[in-house]
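Architecture and fold: a report
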Amino acid sequence: MGKALVAMGSVLALAVALIAVTLLGFDKPPCGPATPGGPAPVDVRALAYPVAGGTQPADVYLPPGGGAGSAMPAPVVVLVHGGGWFFGDRHELAGVAKAVAAHGFIAVNIDYDLAAPRFPREPDQVRAAVAWARAQAPQWGGDPAKMVTWGDSAGGNLAVSVAAGGDHAGLQAAISWSGPFDLGALGSAVAATGTDYQKAASVADPFIYLGCLPLLCPPTYAAASPALSATPGAPPMYLANSQNELVPLSQQDQMAATLHRLGVAATTVVVPGTGHATAYAATQTAPTLAWLDATLGFTPQPPPVAARLASGPVAVGSGVGGLSAAQRANAAVI
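Calculation rules
- Residues numbered from 1 in each chain as written.
- Predicted model: local features only at pLDDT ≥ 70, side-chain atom pairs only at ≥ 80, totals over all residues.
- Heavy atoms only, no water.
- Phe/Tyr/Trp six-rings, centres within 6.5 Å; stacked < 30°, edge-to-face > 60°.
- Helix = DSSP H or I, 4+ residues; strand = E, 2+ residues; numbered from the N terminus.
- Expected span 1.5 Å × (residues − 1).
- Bend = angle between axes of the 7 residues up to and from the residue.
- Buried < 20%, exposed > 50% of the residue type's maximum accessible area, 1.4 Å probe, protein only.
- pLDDT = per-residue confidence, 0-100.
- Contact = heavy atoms within 4.5 Å.
- Pairing = 2+ DSSP bridges.
- Disulfide = S-S within 2.5 Å.

1. What to know about the packing of aromatic side chains
Counted by the stated rule, this structure contains nine aromatic pairs. Seen in terms of ring centroids, phenylalanine 86 and phenylalanine 87 are 5.2 Å apart; in terms of plane orientation they differ by 65 degrees. Their pairing is edge-to-face. When the centroid spacing of 5.0 Å and the interplanar angle of 55 degrees are considered together, the rings of phenylalanine 105 and phenylalanine 298 count as tilted. Placement of the pair is phenylalanine 105 in the loop between helix H2 (94–103) and strand S4 (106–110) and phenylalanine 298 in the loop between helix H10 (281–296) and helix H11 (305–309), with a sequence separation of 193 residues.

Written out as structure tokens, the structure is:
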């Protein structure tokens, strides 16, 4: 009886949190625009990758001089957007994708199905995107032996989850900006000092993602929490988190401790201030790319002269498709 009352109380608290998320706009945290770097003559191809029952959009950003037959095959970075597992799209990371391609990598910026049931479909779709990108890499001038996931916020959880468990999706590196890694511990981590938004999101977002409360389905929370479910053999990981932000720094600490216990290389970066995820893209994109260079043994090559002289921020691939006016407007809002 006592356990039932506790569960009922948790459900009531969750209902209040969900109402707050809806009425106060907590479903759109101030991540900030992703605007690292300056103009770069990269080629964007609007494609789609196969998932169970259909396809999902994927914008592929090719570096200057990229494409089939490139002298040096480029690493392939699959970008996974945030949004509490239930909103947002790939345009959130368009600026990061452009910077990744301008650096010399291939960026595959994906959407994933946000409708319920979300788990385990969302991580499964990220795995599908990695497998598709690996198969397509040679025709893009990419190296299928150098595959990376890079996500922010909820996307950081997905990027690390795919790299940390199972067969590790054959990945060579994984990156998270402000990812939560122990979903059942989020509520207690922010209970004492968190803002109203943090308190609401720490309960509501995992519930929306997993469809249950940690008290009632602890195995599900553990499976969706790479700090609890990571296995040996995972690739090196880069974890960034602001000192005081939406996701408690303790989540990064716990993930790093798990990786170190498993013998997995982990680099942690504590960003000063309160910025969440893409809010620190302008200062953290270059260090993240430098870590990738060192981890993958990749030396960026100078772009061809024609590419260096090209003007404009993005050259959209002719005949392949690009962003519509509505998509560009949506990206500007995000």
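The structure having been displayed, the exposition proceeds.
2. A few points about helix H6 (residues 196–210)
Helix length check: H6, at 15 residues, gives a terminal C-alpha distance of 22 Å against a target of 21 Å (1.5 Å per residue), a fit within 8%. Roughly 25 degrees is the biggest bend found in H6, and it falls at serine 202, with proline proline 206 one to four residues downstream. The element H6 is extensively covered by neighbouring structure, given that eleven of its 15 residues are classed as buried. Along H6, the residues that are buried comprise Tyr197, Gln198, Ala200, Ala201, Ser202, Ala204, Asp205, Pro206, Ile208, Tyr209 and Leu210.

3. Considerations on the confidence of the model for the chain
Mean pLDDT over the chain: 84, with 78% of residues reaching 70 or higher. Here residues 1–13 is modelled with pLDDT under 50, and outside its nearest four sequence neighbours on either side it reaches six contacts, counting other chains as well. Below pLDDT 50 for its whole length, residues 305–334 participates in 46 contacts with residues either more than four positions away or in separate chains.

4. Digging into the pairing of strand S2 (residues 54–62)
Pairing analysis gives nine bridges linking strand S1 (residues 42–51) to S2, with the strands arranged antiparallel. Pairing of aspartate 43 across the sheet is with leucine 62, part of S2. Taken together, the four bridges between S2 and S4 define a ladder with antiparallel strand orientation. Of the residues in S4, the one forming a bridge with aspartate 59 is asparagine 109.

5. Regarding the state of the cysteines
A full pass over the atoms with the stated rule returns one disulfide. With its sulfur 1.7 Å from that of its partner, cysteine 212 forms a disulfide with cysteine 217. Taking the sign of the torsion about the S-S bond as the criterion, the disulfide between cysteine 212 and cysteine 217, at about 85 degrees, is right-handed. One exposure class covers both cysteine 212 and cysteine 217, and it is buried.

6. Focus on the environment of threonine 288
In this structure, threonine 288 sits in helix H10. Relative accessible area serves as the criterion here: at 0%, threonine 288 is assigned to the buried category. Along the primary structure threonine 288 and valine 269 are separated by 19 residues, whereas in three dimensions their C-alpha atoms are 9.6 Å apart. Residues in contact with threonine 288, not counting those within four places in the same chain, are Trp150, Ile175, Trp177 and Tyr238.

7. Thoughts on helix H9 (residues 249–262)
Helical geometry: 3.6 residues make up each α-helical turn, so side chains three or four residues apart lie on a common side. Taking 1.5 Å of rise per residue, 14 residues should cover 20 Å, and H9 covers 20 Å from first to last C-alpha, within 8% of that figure. Along H9, the residues that are buried comprise Leu249, Gln251, Gln252, Met255, Ala256, Thr258, Leu259 and Leu262. Contacts from the buried residues of H9 go to helix H4 (154–164), helix H5 (186–190), helix H8 (226–229), strand S7 (237–242) and strand S8 (266–271). Phi turns positive, to about 80 degrees, at glycine 263, one or two residues after H9.

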